[in-house]
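Chain and residue survey
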Amino acid sequence: MVDSPPLRLYEYPVIRPVDSLIDFLQAEQARGRSHIFLDNSARDGLRELYIRMRKPPAAAASSPTQPAAPVSQDVVITGNGKAEQLAGLRKQAERWAPAMALGTLREKMVFATGNPDAAIMLIGEAPGYNEEKDGEPFVGPAGQKLNDILKAMGLRREDTYISNLVKFRPSLPKQTTNNRKSSPEEMAAFLPLVMAEISIIQPKLIIALGGITAEGLLGLEGTVGDMRGKWHEVSGIPARVTYHPSYLLHSDGSNDVKRALWEDMLAAMEKLGMPISDKQRGFFLTKG
Ligand code: URA
């Protein structure tokens, strides 16, 4: 076996198509290499590739242009304390080559907001028109909904850390206020950065907002209805999937959806040992 340093695999599989990964591994094997080091983000990346191999990515069809050949970049965490480390991460995100190479994202970065010492980290999919304008995640109508949800939990935005998987607004031709979903490639490109963000924040729990986020972050597939109502894990941190706040806006205020989302929030509050009043427990319960 060739004596070489451990390979940080997340430089490769998270962002390369699976065929390139196979080529790469075969080449390493031919060089006599029999072991490679897999960290958490590499495992997450491989899981996502596996899922994509089984199911052609539907969202990719909405991509305005054919993505360019993927490019790799390593995440580096430096600095003392969370603020410095996040500042370093923000700088890397601004010029994040794997994302830039796709050529499918707009230019203004929207990184994250909130308290780096928060117990709850909420992760959405990508900024939209309003978020790009203000440079802050969840400030449009979905953000107002999120604020309402947090208020019902007895929390303010500033008590939580709010981020997105994709740090730039997905672009469309002749785009004005219209937004599009993130593609699997866009989410995969940013996954190592978000995993680094999680490792800096070290929240007590993560809430993944919406099915697209859950696919990109947790490698899950199916409906939010299938994913929600149970605990998952991201790098050893409990993670809950729930409906995206914008779904509440578009689901005609369906009480079932509101109650389901609220039950996920009650579970999060319980997990954190937050006090829960009878009134809170009863929100959106249908009487009868
Ligand atoms: N939807 C998201 O997923 N993130 C935002 O920041 C805004 C809307």
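The structure this text deals with has already been given above.
Everything in this summary refers to the structure shown in the same document. (Residues numbered from 1 in each chain as written. Predicted model: local features only at pLDDT ≥ 70, side-chain atom pairs only at ≥ 80, totals over all residues. Heavy atoms only, no water.)

Summed over the entire model, instances satisfying the criterion amount to 4 aromatic pairs. Ring centres 5.2 Å apart and planes at 15 degrees place the aromatic pair Tyr 243 and Tyr 247 in the stacked group. What makes Tyr 247 partly exposed here is its relative accessible area of 40%. An angle of 50 degrees between the planes, with centres 5.3 Å apart, marks the rings of Trp 262 and Phe 283 as tilted. Of this pair, Trp 262 sits in helix H11 (residues 255-271) while Phe 283 sits in the segment after helix H12 (278-282), placing them 21 residues apart in sequence. (Phe/Tyr/Trp six-rings, centres within 6.5 Å; stacked < 30°, edge-to-face > 60°. Buried < 20%, exposed > 50% of the residue type's maximum accessible area, 1.4 Å probe, protein only. Helix = DSSP H or I, 4+ residues; strand = E, 2+ residues; numbered from the N terminus.)

Counting 65 residues, the largest nonpolar core has Met 153, Ile 198, Ile 206 and Leu 217 as the members making the most contacts within it. Examining the composition of this core, we find that 11 residues originate from one element, helix H7 (residues 184-201), more than from any other. Those residues in contact with Ile 198 that sit more than four places away from it in its chain are Met 121, Ile 123, Pro 203, Ile 206, Leu 217, Val 234 and Ile 237. (Core = buried A, V, L, I, M, F, W, Y, C linked by side-chain atoms within 4.5 Å. Contact = heavy atoms within 4.5 Å.)

Among the structural elements, Arg 240 can be located in strand E8 (residues 237-242). By relative accessible area, Arg 240 is classed as buried at 8%. Engagement of the side chain of Arg 240 in a polar contact is seen with the backbone oxygen of Gly 229, the distance being 3.5 Å. A distance of 3.2 Å separates a polar atom in the side chain of Arg 240 from a polar atom in the side chain of Asp 264. Setting aside residues no more than four positions away along its own chain, Arg 240 makes contact with Ile 206, Ile 207, Ala 208, Gly 229, Lys 230, Trp 231, Asp 264 and Ala 267. (Polar contact = N/O pair within 3.5 Å; in protein donor to acceptor, adjacent residues only side chain to side chain.)

Turning our attention to helix H3 (residues 81-94). Given a rise of 1.5 Å per residue, 14 residues ought to cover 20 Å, and the 20 Å separating the end C-alpha atoms of H3 matches this to within 8%. For H3, the set of buried residues is Gln 85, Leu 86, Leu 89, Gln 92 and Ala 93. In a view along the axis of H3, the buried residues occupy a sector of 115 degrees, so they form one face of it. Opposite the packed face of H3, turned more than 90 degrees from it, sit the exposed residues Ala 83 and Lys 91. The inward-facing, buried residues of H3 abut helix H4 (97-100), strand E1 (105-109), strand E4 (161-164), strand E5 (168-170) and H7. (Expected span 1.5 Å × (residues − 1). Arc of directions from axis to C-beta.)

On their own, these measurements won't tell you what the molecule is for.
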